[in-house]
Amino acid sequence: MAFLEVQNLTKTYDGLRANADISFSLERQALIGLIGPNGAGKTTLFNCICGHHPVTSGRILFDGEDVTALKAHAMARRGIGRTFQVYAATGDLTVLEKVMVGCFMHTHARSKARACAEEILRDLGLFDLSDDLVSELPVAAQKRVVMATALGTKPKLLLLDEVAAGLNTLEIEEIMASIRHVNKDRGVTVILIEHVMELVMKVSERVIVLDYGAKIAEGSPESIAKDPKVIKAYLGERYVKEQRRE
Amino acid sequence: MDILFGSLAAGILLGMVIALVALGLTIIFGVMDIVNFAHGEFLMVGMYTGLLTAQATGMDPLFTLPVAGVVGFLLGVICYAGFIKFLIRGPMVAQLLGTFGLMLFLRNLALLIFGSSDRTVHHGILVGKSFEIGMGIILPATKLAAAGLSVIAFLAVWLLMNRTKVGKALTATALNAQAARYMGIPTEKMNALAWGIGGASVTVAGALIVNFWAVNPFMGLLFTMIAFAVVALGGFGSVPGAFFAGLVVGLIMEIPGFWDFFTYTFDWMWMADVPMTSLKYMWIYVAYFVIMVVRPRGLFGWKH
Amino acid sequence: METLRNAFDFSDFPRMDLVIAGAVAFLFLIFPLFPTSSFAMATMIQFFMFALYGMGWNTIGGYGGQVDLGKAQYVGIGAYTTAVMLIRWDIPFWVSMPVGMAIAVIWSFIIGYPLFRLKGHYFAIATIATSLVLKDLFTVWSFVGAARGLEISPITYPPPDYLRLIFREDIYYYYTILGFFFLGFIYMNWFRKSRLGFQLRCIKDNEDMARSLGINVHWAKIKTYAIATAFVSMVGSFHVCYIKVIEPVDIMSLDLSILIALMAMLGGAGSLWGPIIGAGVLIPLRSYLKEWLGAAAGLVGIDLILYALIIMIVSAFEPRGIWGIVEKVRRRKRR
């Protein structure tokens, strides 16, 4: 029994098919990359999996349970956490407080939530920023804080949405280390949406590729990089022909 | 039966004018996404303008419309440039409370200048005359003229928004301010223009209404809520929506008449005890609430 | 008992704040011992009432970020419940007040469920709509005295009456409302550190993210709305015992709702001190403006004009309120 199984998931918005008949499955503690050109439907897929939007058709099975119809907060309670691509902080909460919100999902006591949050922050090397306002942090730190917040809910499955966007090489290395740590040492299954290829290819065990809402390829990073369908989706027909000539 | 037709007619006539009242609100909201709680106060300003101009110049009240329009336009633009412009930078709490402040300011300024008593129009070609069509429909000439002129004003604004370059620029800003800016449309000027046109339409409506509705400094709130109900029903940002919703709300305001009709028709005396006339505005608030919960987009709305 | 400890734990505030607060609290306690005019005493009582109103509003409006402009209806429910129960069935304040709170809270759940499907302006207008509906209904309902309202006459209940809260001298009212004030304050301190408080702040920050953290956003908002309602209804019950006269047009008016929201907004929505600072500025200002300016012939309304201008200036240029300014300055110093 797979840990997460997505069966024939389709999501349409007013006639536009954002996700078309997508199926895949994951084992526990997998680290999967989800890539595809802009508008391919990656974030929509995330939104469906974590209950943010209702699916038009298809099923989602998580840890043995059919969770297709569950709403976002119920999904979170089942153990699916996620980060958001666009995070507009209205700037009232400190780093510690933000992570505590996640921790409050499992406890009513402030002291326990605080302890849980401090542990996560230490683990990700963010403890020194505890009292800073999230909105005033540099982008790289903000992204790690957002990841820490999601971790507060002790998720079994974590969906990371473009956590490396806008980061420089060093920052990418740091976040890559954090992701590996979360996956290997904390035992969290991870799916990451990324455009930063060096991150995705280095970190994922397997990669799924979407284009125009459909899944066009799935496999190891190396095989995906050579897959003509993938090249065509990203770069167009011409480059496929050029590849073949080599 | 007469009561029914009479109420229907009254409701429709009133509705057309109400539609014009709401038009300004929907334009401002459509272009700028800000809700003007002082909208009813603008109406009140229009009413006083119409009244005073008629009294001062001896003109027939109906001819004071252009004056009211100009005053409304200036009022809108000044409010924008001097206040609203700064307000929108802040969080929503501040915006809402800010326009409330504007409402209080205008209301008490009016109280200071005009005193608290009701004032109505007494002279004029149409005052006191009415047409009787039969079937119990009595059309007061002032209301008829007001309704007619409202429709004309509505058409004028609709033409402006859809057929002129300026209007299209406004619509563009309403749909996507940032994109409009990239196309070279000056957002600031569009915002000011929206407030100007919005202000003008509601003051003109005021100048029309004062012909059959007494004005006092406190009436703003009621009309603000009426305008909101209309805009909610018609769809925030939709001009044709405001028109049809206006008619509906006009009919809602005639509920006491319909209630009387049902009372006599069904002969249920308990109905006569219900003070429906005192509650007639309540239905508007209820309508707003129900609409927003059941169909937030309204009839024609594209913005939510 | 961690709850109680939390309620009294102010350790996350800078020392200086606590010292000032302590001093002010002490002044509040001894204020009536100074020879002050009855006008000053009345203003102080009003201050505590509005500080409490503001604190209640602050839960949903400040921490939660949902602009609620219809709180007056719950003031009315609290006030009318107490008045009706006293006049018709001679039920003392200490019973009628909780009953009033219960009725108000039930009503708030009934409206809250559909209400919180709306957001932003639409929500705000809907709160006004519901408040006006209730006001109109009370204006025609003979059970509560319709438009004329209700009056509690001290002749029927010879003061000092501790059970029914009828007193001749303001000093009794002063200490009663002061007691409520301290209780409310402690509660708010607990609230901002509680699970619900954190959830709300997260909702205010980013609703989608809140959902992804397992928060049932709709329910959290409704619960908080009920808390705000309870506060406001409690003070409403006190109000009627103090002022002894209520009419729907005053006690359920939009003006009152705006005033309530303004306390927190001016002082600093979303902070513990905000509503108190806001009330501390606005209520004396309002009272004294009315005194000095209103009396002069033909200047009726000028106090309100100035008032309105203050609202406009604050909203346009310093929406975070007075406490927001303080925090901004402090943060700059830290850099």
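Conventions we followed
- Residues take numbers from 1 onward in each chain, read along the sequence in its written order.
- The lettering of chains begins at A and the numbering of ligands begins at 1, in the order of writing.
- At least 70 in pLDDT is required for a residue's local features to be given in this predicted model, at least 80 for side-chain atom pairs to be given and counted, and no such filter applies to totals for whole chains, interfaces and linings, which use all residues.
- Note on conventions: DSSP H or I runs of at least 4 residues are helices, E runs of at least 2 residues are strands, and numbering of each starts at the N terminus.
- Throughout, radius of gyration means the C-alpha value; the globule benchmark is 2.2 Å times the number of residues raised to the power 0.38.
- Three exposure classes are used, based on other C-beta atoms lying within 10 Å of a residue's own C-beta, which is placed from the backbone: buried for 20 or more, exposed for 12 or fewer, and partly exposed in between.
- Any two residues are considered in contact once their C-beta atoms, placed from the backbone, lie within 7 Å.
- Only Asp, Glu, Lys and Arg are considered charged, only Ala, Val, Leu, Ile, Met, Phe, Trp, Tyr, Cys and Pro nonpolar, and every remaining residue, Gly among them, polar.
- One bridge is not enough; two strands pair if DSSP finds at least two bridges between them.
- Here an angle of 0 to 180 degrees is reported between the N-to-C directions of two axes, which are lines fitted to C-alpha atoms, with helices fitted over the stretch in contact.
- Crossings are classed by handedness, with left-handed meaning an anticlockwise turn of the near helix from the far one by less than a right angle and right-handed meaning a clockwise turn.

Caption draft 1: Geometry of the overall build of chain B. For chain B, the count of helices and strands is 13 helices and 2 strands. What you see for chain B is a C-alpha radius of gyration of 19 Å, in line with the 19 Å of a compact globule of 304 residues. Seen through its C-alpha atoms, chain B measures out along the principal axes to roughly 65 × 50 × 35 Å. Counting all 304 residues of chain B, 52% fall into the buried class. Once local pairs closer than 6 in sequence are excluded, the contacts in chain B between residues at least 24 apart make up 79%.

Caption draft 2: Representation of the overall build of chain C in the model. When its secondary structure is counted, chain C shows 15 helices and 2 strands. Over its C-alpha atoms, taken along the principal directions, chain C stretches across nearly 60 × 50 × 45 Å. The 335 residues of chain C split such that 52% are buried. Residue pairs at least 24 apart in sequence account for 75% of intrachain contacts in chain C once pairs closer than 6 positions are excluded.

Caption draft 3: Region of the structure containing the interface of chain C and chain B. Taken together, the 38 residues of chain C in the interface contact 36 residues of chain B. Grouping the constituent residues of the side of chain C that touches chain B by class yields 29 nonpolar, 7 polar and 2 charged.

Caption draft 4: Structural view of the sheet that holds strand β2 (residues 16–26) of chain A. Residues and elements named next belong to chain A. Across the sheet, 4 strands lie side by side as β2-β1-β4-β5; this open sheet has antiparallel pairing. Of all strands in the sheet, those bounded by a partner on one side alone are β2 and β5 (65–66). The pairing of strand β4 (residues 57–62) with β5 spans 2 bridges and is antiparallel. By the bridge assignment for β5, F62 is matched with E65. Most of the contacts of helix α1 (residues 42–49) go to β2, to which it runs at about 65°, and overall it touches β1 (4–13), β2 and β4.

Caption draft 5: Up close: the packing of helix α5 (residues 93–115) of chain C against helix α10 (residues 217–243) of chain C. Residues and elements named next belong to chain C. Two elements in contact, α5 and α10, have axes separated by 8 Å at closest approach and are oriented at 145°. In this structure, the crossing between α5 and α10 has a hand that is right-handed. From α5, F93, S96, M97, G100, M101, A104, V105, S108, F109, G112 and Y113 reach across to α10, where they touch I222, Y225, A226, T229, A230, S233, M234, S237 and C241. By residue class, the composition of the contact of α5 with α10 is 13 nonpolar, 7 polar and no charged.

Caption draft 6: The arrangement of the chains, seen in detail. Of all 2 pairs of chains that touch, the greatest number of contacts is found between chains B and C. The least C-alpha distance between chain A and chain B, which are not in contact, is 9 Å.

Caption draft 7: Region of interest: the pairing of strand β8 (residues 189–193) of chain A. Residue and element names in this part refer to chain A. Counted residue by residue, β8 has 5 buried out of 5 residues, so it is predominantly covered. Neither face of β8 is exposed, since T189, I191 and I193 on one face and V190 and L192 on the opposite face are all buried. Summarising the sheet, strand β7 (residues 157–161) and β8 pair through 5 bridges and their orientation is parallel. Considered in β8, the bridge of L159 is made with I191.

Geometric descriptors of this kind do not, in isolation, establish any biological role.
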